[in-house]
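Single-letter residue listing:
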Amino acid sequence: MSPALLAFSDWGGPRFYPHPPKAKLHRAGSSRAASMMDSGAIKPPPNAHTNGGGPGTHYTHGGTDSDLSQVLQALQAIYDPSSSNTTRRHASEYLEQAKRHPEAPSLGHTLAIDKSQPAQLRHYGLSMLEHSIKYSWEDFTVQQGEAVRNYVVDLAQNVAEEDPVYLRNKIAQLWTEIAKRSWAAEWMNMDQQLVELWRTSLHHQGVVLYILETLSEEVFNREDTTAGLRGSELGRACVEIFTPASVLTDELPSRDTNLEVRFDDEGWLKRLCVNLDWCLSQDYQNDERVRLCAVKTMNTLRAAMTWVMPKAIVAVQLIEHVCKALAVPVVPLQQASVEVLQSIYSRHHLHDDEFVELVCPMFTPGTVTLLREVYRWTLADMNINDLNDEKYVLCKKLSELASSLGNYIEQKPQLIPEGSDLPGIFGLLFDIFRNPSLVVSIPILHCWTKLLRSRIVRDSDVVTQMIGGLLATCCERLVRYEVFPEDSQDPTFLFLNEDIDTVPERHAFLGNYRRFCADIIEVLVRRTPVEAMEHILGQATTMFQNLYRDRPSFQPSNFSKHSQPVLLVDAQITVIDAGLKGYLKWLSTQGVDPQEDDRKRNIMEDSFEQWCRQLLQARFEDPEILKKVIQLMSTFSNKALPNRPAFALTFLEYILNTNVPEDPAHPQYSDAAKDVERICSLEIQKLAMNFPDNFMAVYDELERKINEIISSQKMDDRQCMAFSSFLFIIVHRNTTLDASVREERMKGILGQVKDAWRNDAFTKSLSTFQSFCGVMGMDRLPEFLSTHNFQNVQDWSEQPLDEEGQAMQAAILEHSQHLPLRLTKTLLAASIEKLRDGSAAYETAAVLWAEAIPTILPNILQLVSHAQAFNNIESNWSHLPPELQQVVRKVLTDRFWQAGISTESRDDFFARVSGSKSTYEGFASTVRGTVRQIRESSYYILYSLTRFRDFFYGIPDLPEPLSRALFGNAHALSSHHLSVLLSVSTHLIEGCPPALRKDFLPPMIQGLFRELDRKISSEWNILNRQIAQSGENDNLTDEMKNESILRQLTYSSAALVSVLLDPSRNDPPGSDSTPSHDNPMWKFIVSTGAVLEPILLFCTSMLRVRDSRSVVAVLRVLRNLIPRFRDKSAVRDFYCNDIFKNAITSLHEPYFVDCQKDLASLIAAIIHLDEDIPRSILLSLPGMGDTYRVDRRLSKLRGANRNDERLQRSIVLDLLSSVRGVSIHEQGKIERAKPKRKTAFQEQYMSVDQPPTIVRGTSPGLAGVADMFSDV
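Residues numbered from 1 in each chain as written. Predicted model: local features only at pLDDT ≥ 70, side-chain atom pairs only at ≥ 80, totals over all residues. Heavy atoms only, no water.

## Some points on the overall build of the chain
Consideration 1: Counting its regular elements, the chain contains 61 helices and two strands.
Consideration 2: In the chain, which comprises 1272 residues, the proportion classed as buried is 54%.
Consideration 3: Partitioning the intrachain contacts of the chain with sequence separation of at least 6 by distance along the chain shows that 76% fall at a separation of at least 24.
Consideration 4: Surface exposure of the chain reaches about 55,000 Å², of which carbon and sulfur atoms provide 49%. (Helix = DSSP H or I, 4+ residues; strand = E, 2+ residues; numbered from the N terminus. Buried < 20%, exposed > 50% of the residue type's maximum accessible area, 1.4 Å probe, protein only. Contact = heavy atoms within 4.5 Å. Areas by Shrake-Rupley, 256 points an atom, 1.4 Å probe, with all protein chains shown as cover.)

Following this line, the structure appears as structure tokens:
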């Protein structure tokens, strides 16, 4: 190669120099280099045209080096491990500057075409071409664009087999980049050039396949900005060159035939199928080139299957060609073929004729046999201890394909022709479902849930024979694999750990798997209720009878929440619950033959009652099992046997006689015993709600029995109040008692509530924060913390409390019991739970509670205010020395456990907490737990009072003091505690009757969103600062837990905005108000400036938080609101300024790469709002000073079809393609941990909020992006 650089004689303009220049190319950043480039630019002649349609730009040859060794030396310096960082930086700057040189395309071609040069130098030459294509294409004249295109075509024509694959692929990529910009416009003969390349050699075919696959993906399947700008033209061109001419003529007779882009009548679909056949006729097992060519051919077909016309697939007999590849015993070929088929059968909305032509060939005996043989072949190497990874991946892909085929059967079984091997395909689905790997099994399990809902499928003979096996497998797999011991050798458990890396994903996956199993059980019971439930209950009886066979009997000392007997009982009860759901659905669809239905129902109710009575005779010493049995009996009594009050009374007696004594020597067992007490309290209240008349008949006996229990057993206040609530529900909801007698009894009970809240001494004790601390027994708290040296003890959980500390701890707990919170909560729950608004019982409760509400509210608001103020260090603890303030902060810091983040197991965490009750940490837990309990009990009371509608919301002058109480100190709460406040605030806002919104909502919404904005913004700033400053070896657990909780709060807040401002909703779901179509919530907010302002301010801040889900949710709300503000107003100006700036700032940060589509859509919509403000902001951005370029893009945006969202987004992303020279898509290439690869099919079964990834200051960023609007 000549050492001289080529002058641009083929660059479309006159040669300015008779000889190559000799000047040196200086490093990037050199003022001399910059001035040379700026001053040397020569304007084009007036008649020059550019690809962008604007003024052309011509180039001089600036300073370049006649000696290429500088480029090579720079590359060597970068890759040389001995180079210093400074040397590498200078080398990188030099190479980046060289890419921007006017002669870069010519130099790049020269470097890349010269096979004598090192591969890294040739690759750099290609990157010079790539930079010119991506960042200078619109500034090229037509001649320059043609010259660059010819460079790339020349490189493609000259690829050699010995060229590294990455060089060949890079050339193909450059071809694709040019095609996206000029194919079917200036470049009309591309198809001919591709065909000529195709006919040259195998390695030329590889280049063509790369081009065709990439074009398919980027034009149709991906959100590619450049392709999006010309989406319709490129789409038509792709259809034209892929589809056989005969199919186009038949299917699109009226198409525009002037688009002369195709070379001949054959089309690429046919060529690819012929090529695949040729590969399969060669020695593909031993010749890697042929094997790779076959795989690449099928990859190209796969990319086209999502958009190519079904008739074209049929015309070229593509399915037959691909099935030939599936039949060969070479896993890569089989995988590629399954992916092509899956791409075809993932399509939706096939017409009947397309279904017959495309889908039914897969049900022919030969194809079904092939599928079953390939599946059996994958099983041969499916030993989890010696797994053949390639075959296992093939097995998973085959399962996904079989699931898609099964779904088609469910959709149109009547179209499947005679002679199809449906027994074979159902047999395949049955076999795959029973695969030991749940990841292989779940697509088919999901498919069966759909198939069994089709009467034609469900009632077919072949499926009927499989029902027993389906039911058995579902029952087996309802066990909770997530709590298996880590050393378990169960194959299914081992496969699960092999397939799914993270604990949250595993939990989500198993939750979905169990849900699908329960669905199948439910459907099967609904189909044959008598036989299926008989089978299920018989299975359960056997399990209970043999629960401890070959196992030691239960002892408190060996208690475990996840023991094998507990897991067996849990799985079996889950089966019964699913069966009962199916039975209840069967009941709801009765009516065709009432007599027969009644006969079956009576048979089943008799069977249920007999089985339940037998089970209640058994003795269960394990409290975990006892709890599950009680819950199961409750389901039977309340749902399946609602007309069997005798059984309800028997079950009630069983619960009242249940007493699991605690054992202090075994804390976990004691906690489980308390849990049984709690469950018993809940279940007797459910029974009272469903059988009030029957229980009223024996009310005196029940009252006597309860008094005996209270006097004979050591009952705490919680249990006593639960019994009181039980009796209250019976009195309140029965219909046999005289109304006046019922009201009198209820008044007597509710009188206790009123008396407790209007107690003068109690009211006085809440008058100040200090007196509130006295009420809780914490008035000496600072003194106690100081005298006991809390500030100098490192590990509080290791420091035991002395007698004084234990006495104070007990006093705090005792004082909290004297507050009327539990009494009020309990009776409110008894008054409103499971009651419909407007029912007689509801109206009675509303009238009676209306008398108590004014008495309760003043003190409950004081309690809320003080309980929140307790966390406000600056206001209430600032008088303490700094070291003691730090102790108070630590006292108020919760301990919590999170799946996937905490390093210990959940059980170990609770055991640690339980074991530290008598330590300094236990004392701190008592303090914060008591305050939290007061706060959250008060929240619940306020929420419950909203059920009484106008009696609560109509109280004069309530909104302001309520808002102050709830939000005055809300900023002092942790993110977790603020989430609880957000939840109750949501209920308060949504429950407000439309007629009272104008008075009640403004203070509430203003206070809530002011505090959410303040808290969420500050917490994200703190977290981002911690991430930036922390080191690689820091303990990330607490940081990750805090981030996870902050994400939950952020998303919950965004979700509330979505509910409040969604124009498609009349009233938010869950609201108790009567829907108001004339005055929906969003319309009230949009028309009330005082309410809209804090929400918009909050939304603007949310555009900058680092939580993609939340950002996307807010973006969609903001965009949906834009049509409401088309007229000039302060809100419109706010959109065009503040929201616009934040959207652009986020668009250009690497973190927000997953939000770019929504950000770009919002930016486009704002640009349409106003012509001046967005334009001035855009022109003020770094690197956006080219007024002509900006105006050209804005004009294109405004002239584009506004319904074409992809085009709108693409224009915006192209307009904002760089800030200070950094491409938006380059920013998106963030270093991420590479988890095990999952298909989109698998992702749907594992979709959870991922644990936050903490990146240690390595994320790329834009220098100065934060201040890009500083001069606006």
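## Some thoughts on unusual backbone geometry
Consideration 1: Look at His 349: it is not a glycine, yet its phi comes out positive at around 60°.
Consideration 2: Its place among the elements puts His 349 in the loop between helix 17 (331-345) and helix 18 (352-359).
Consideration 3: For His 349, a relative accessible area of 76% corresponds to the exposed category.
Consideration 4: Look at Asp 957: it is not a glycine, yet its phi comes out positive at around 60°.
Consideration 5: Turning to its location among the elements, Asp 957 is positioned in the loop between helix 47 (950-953) and helix 48 (959-967).
Consideration 6: Asp 957 sits in the exposed class, given a relative accessible area of 71%.

## Description of helix 4 (residues 104-113)
Spacing of three or four residues puts side chains on the same side of an α-helix, whose turn is 3.6 residues.
Consideration 1: Within helix 4, nine of the 10 residues are buried, which leaves the element mostly enclosed by the surrounding structure.
Consideration 2: Taken as a whole, helix 4 has its buried residues at Ala 104, Pro 105, Ser 106, Leu 107, Gly 108, His 109, Thr 110, Leu 111 and Ala 112.
Consideration 3: Residues of helix 4 that are buried in the fold lie against helix 3 (85-99), helix 5 (119-136) and helix 6 (142-157).

## Quick word on the side chain of His 204
Consideration 1: By secondary structure assignment, the location of His 204 is in helix 9 (residues 202-221).
Consideration 2: Exposure remark for His 204: the relative accessible area of 5% places this residue in the buried category.
Consideration 3: At 2.9 Å, the side chain of His 204 and the backbone oxygen of Gln 157 are in polar contact.
Consideration 4: Residue contacts for His 204: discarding those within four places in its chain leaves Ala 156, Gln 157, Asn 158, Val 159 and Leu 197. (Polar contact = N/O pair within 3.5 Å; in protein donor to acceptor, adjacent residues only side chain to side chain.)

## What to know about the pattern of salt bridges
Consideration 1: Inspection of every chain in the model, using the stated rule, returns 73 salt bridges.
Consideration 2: Between Lys 627 and Asp 675 there is a salt bridge whose closest N-O contact spans 3.0 Å. With a gap of 48 residues between them, Lys 627 in helix 30 (residues 623-640) and Asp 675 in helix 32 (residues 667-690) connect regions that are remote in the sequence.
Consideration 3: Note that Asp 1191 is salt-bridged to Arg 1175, the shortest N-O span being 2.7 Å. In this pair, Asp 1191 sits in helix 58 (residues 1187-1199) while Arg 1175 sits in helix 57 (residues 1173-1180), placing the two residues 16 residues apart along the sequence. (Salt bridge = Lys/Arg side-chain N within 4 Å of Asp/Glu carboxyl O.)

## Here we look at the side chain of Ser 420
Consideration 1: Relative to the elements of secondary structure, Ser 420 occurs in the loop between helix 20 (389-411) and helix 21 (422-433).
Consideration 2: Judged by its relative accessible area of 17%, Ser 420 is buried.
Consideration 3: At 2.9 Å, the side chain of Ser 420 and the backbone oxygen of Pro 417 are in polar contact.

## A word on empty space enclosed by the protein
Consideration 1: In total, this model carries six cavities of 30 Å³ or more according to the counting rule given.
Consideration 2: Reported here for the largest cavity is a volume of approximately 210 Å³.
Consideration 3: Counting only elements with at least two residues in the lining of the largest cavity, the list comes to helix 31 (645-656), helix 32 and helix 35 (717-733).
Consideration 4: At five residues, the largest contribution of residues to the lining of the largest cavity is made by helix 32. (1 Å grid on protein atoms, 1.4 Å probe; cavity = no way out; pocket = protein on both sides within 12 Å on 5 of 7 lines; lining within 4 Å. Points joined across faces, edges and corners; volume = space filled by probe spheres on them.)

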